[in-house]
Structure formats: structure tokens, C-alpha cells
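Listed here are the chains, written in short residue letters.
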Amino acid sequence: MEPVSPAVSRRGLLTAAATAGSVLVLTAPARASAHVSTVPAEFREHDRIATVVTQSPAGLPVAHTYAADFHDRLGDWIRMWWASAPSAWIAPFHVITSGTAQGGHALLLNGIGYTRAGKSQLGFDAAVRDSRYWATVASLYRHFPSVTARAGHLEISDGQAGFTGSSEQIGFVRASLTQVWGQAQAPSDIAGRTGWNAFTEATARQGLSNHHSL
């Protein structure tokens, strides 16, 4: 897959992402043949998450309809993921998705690609349970309450982030401890907001920076 735009620095990407909320709206005179959107105001169609292009598993640019607040939180998530990634990874990068679900309140995430040595590579693959997989799940749990493994993708559901004690979260904690941290004991404060946030953030950084196949 060939990059579609010049490589830029991490600082440049994060600066652009910080201003991604600004939208320029141009109003033109209505025409009888003009397309009228049927998407409710609280839902929007986007072909990016923050500044990151979304692609289908086949590598084609795609746009999906999201609940507005969910799309905003996805933007916060992808900025965290990128900030946690190794400095050798550069833009352009892209989110690979099968679409949205739950009426625009969930994302089906297949992978995340980045550029290195002029080539597009996968920094996360939902079909491969390596340390980058658990790091990405950690970054998602920092922003969302539910991350469910499906066949070939993760289903990320909207809602208030935090430790819920669900079987999926317990499984994530156990796998992260052994496969990212090499230990079996969870932090004593993991069930609290501060402890959960600290654990997911640290696991995202550790798993992406110290990748190894498992």
C-alpha cells in the first residue's frame, strides 16, 4: 500500500491533531438537485478519526457514520496511541476498520498502519495477539469501557471509561501482566479511576515500545 501523503514528524502530526476540531462550513445556494443529508445532527459521517484516514481491510479509503461524542473520544484515543508509539514510526498512518456498529456508537477496529523506511506497516493487527495487541487494547480501555474481541477485529463500544470488572477487562489485565509486563501481580489500586488510568497508559507505552511476538 503506497502512502498517499508526504511523511511528517510526530510533533507535526500531534499539532495538527490538536486543531482537528475546527471545521470550516461553506454555505452555497440550494439547488433542486442538491444532495440533502439524512444523517441526524448528533451523528456525522467521517473519513478520518482526528487527522487519521480510515481505510477498509482492502486498503481503500472509507467514511462511516459516528455518534458525535463517540467520534470525539476516538480522536482522543488515537492521539494517545500515537504518542505512545515508538519514535521511529512516522506519518502518514491510518486506521483500518470494518465499519461502525450499534447505530454509530461502536467501531470495528481491524488494525492501525504507520510508515517506516517509506513503507506502510502494521503497528496493530487485531488478528495477532502480540504485545502491540495488548498495548492497543490498553489504550482503548483508557477511553472506553468495553473492548470485545471478534473474528479479525475489536468492537469498541462507547461509554464512560473506567474499570467495570467485566470478564473482558479481567482477561485483558491478566494477559497484559504476563505478556507485556512479565509478572502476575496486578497493582493494588487498579480498580480505582487513578489506578486504572495509570495501568492502561503505562501498558500502552510498554507494549508498543517493547514489541515482541507471543
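Attention here is on the structure that accompanies the text. (Residues numbered from 1 in each chain as written. Predicted model: local features only at pLDDT ≥ 70, side-chain atom pairs only at ≥ 80, totals over all residues. Heavy atoms only, no water.)

1. Let's talk about the overall build of the protein chain
In terms of regular secondary structure, the protein chain is built from five helices and nine strands. When its helices and strands are written in sequence order, the protein chain yields α-β-β-β-β-α-β-β-β-α-β-β-α-α. Across the 214 residues of the protein chain, 43% fall into the buried class. Carbon and sulfur atoms provide 54% of the accessible area of the protein chain, an area that totals close to 11200 Å². (Helix = DSSP H or I, 4+ residues; strand = E, 2+ residues; numbered from the N terminus. Buried < 20%, exposed > 50% of the residue type's maximum accessible area, 1.4 Å probe, protein only. Areas by Shrake-Rupley, 256 points an atom, 1.4 Å probe, with all protein chains shown as cover.)

2. Remarks on helix α4 (residues 167–181)
Helix length check: α4, at 15 residues, gives a terminal C-alpha distance of 20 Å against a target of 21 Å (1.5 Å per residue), a fit within 8%. Turning to α4, its buried residues number three or more, namely Gln169, Phe172, Val173, Ala175, Ser176, Leu177 and Val180. Tucked into the core, α4 has its buried residues touching α3 (131–141) and α5 (193–209). (Expected span 1.5 Å × (residues − 1). Contact = heavy atoms within 4.5 Å.)

3. Here's the deal with the pattern of salt bridges
Taken as a whole and judged by the stated rule, the model has six salt bridges. Close ionic contact of Asp158 with Arg73 constitutes a salt bridge, the shortest N to O distance being 2.7 Å. Note that Asp158 is positioned in the loop between β9 (153–157) and α4 and Arg73 in helix α2 (residues 68–84), a separation of 85 residues in sequence. Among the ionic pairs, Arg150 bridges to Glu155, the shortest N-O distance being 3.2 Å. Looking at Arg150, the relative accessible area reads 43%, which means it is partly exposed. On the accessibility criterion, Glu155 (13% relative accessible area) is buried. Where salt bridges share partners, they join Asp69, Arg73 and Asp158 into one cluster. (Salt bridge = Lys/Arg side-chain N within 4 Å of Asp/Glu carboxyl O.)

4. A closer look at the environment of Ser84
Structurally, the position occupied by Ser84 is in helix α2. Ser84 gets classed as buried once you look at its relative accessible area, which sits at 8%. A sequence separation of 117 residues divides Ser84 from Glu201, and the C-alpha atoms of the two residues are 8.4 Å apart.

5. Notes on the packing of aromatic side chains
What the rule picks out here adds up to 13 aromatic pairs. Taking 4.0 Å as the distance between ring centres and 10° as the angle between the ring planes, the aromatic pair formed by Trp89 and Tyr114 counts as stacked. Of this pair, Trp89 sits in the loop between α2 and β5 (90–101) while Tyr114 sits in strand β6 (residues 106–116); the two residues are 25 residues apart in sequence, bridging distant segments of the chain. Of the residues examined, Trp89 reaches a relative accessible area of 1% and is grouped as buried. Under the relative-accessibility criterion, Tyr114 is labelled buried at 2%. Seen in terms of ring centroids, Phe172 and Phe199 are 6.0 Å apart; in terms of plane orientation they differ by 65°. Their pairing is edge-to-face. (Phe/Tyr/Trp six-rings, centres within 6.5 Å; stacked < 30°, edge-to-face > 60°.)

6. Some remarks on α2
The terminal C-alpha atoms of α2, which comprises 17 residues, lie 25 Å apart, in line with the 24 Å expected from a rise of 1.5 Å per residue. Among the residues of α2, Phe70, His71, Leu74, Gly75, Trp77, Ile78, Met80, Trp81, Trp82 and Ser84 are the ones counted as buried.

7. So, the nonpolar core
Judged by nonpolar contacts, the single largest core of 45 residues is most densely connected at Trp77, Ile78, Trp81, Phe93, Leu109 and Phe172. Elements with a contribution of two residues or more to this core: β4 (64–67), α2, β5, β6, α3, β9, α4 and α5. Filtering out sequence-adjacent residues up to four positions away, Leu109 remains in contact with Trp77, Val95, Ile96, Phe124, Ala126, Thr136, Leu140, His153, Leu154 and Ile156. (Core = buried A, V, L, I, M, F, W, Y, C linked by side-chain atoms within 4.5 Å.)

8. Some details on the environment of Leu74
As for its position among the elements, Leu74 is in helix α2. A sequence separation of 33 residues divides Leu74 from Leu107, and the C-alpha atoms of the two residues are 9.0 Å apart. If sequence neighbours within four positions are ignored, Leu74 has contacts with Ile49, Tyr66, Leu107 and Phe144.

9. Structural notes on the packing of α3 against α5
Where α3 meets α5, the closest approach of the two axes is 7 Å, and the angle between their N-to-C directions is 150°. Compared by their axis directions, α3 and α5 come out roughly antiparallel. For the crossing formed where α3 meets α5, the hand is left-handed. Contacts between α3 and α5 involve Ser131, Arg132, Trp134, Ala135, Thr136, Ala138, Ser139 and Tyr141 on the former and, on the latter, Trp196, Thr200, Thr203, Ala204, Gly207 and Leu208. (Axes fitted to C-alpha atoms, helices over the stretch in contact; angles between N-to-C directions. Parallel < 35°, antiparallel > 145°, perpendicular 65-115°, else oblique. Left-handed = near helix turned anticlockwise from the far one by under 90°.)

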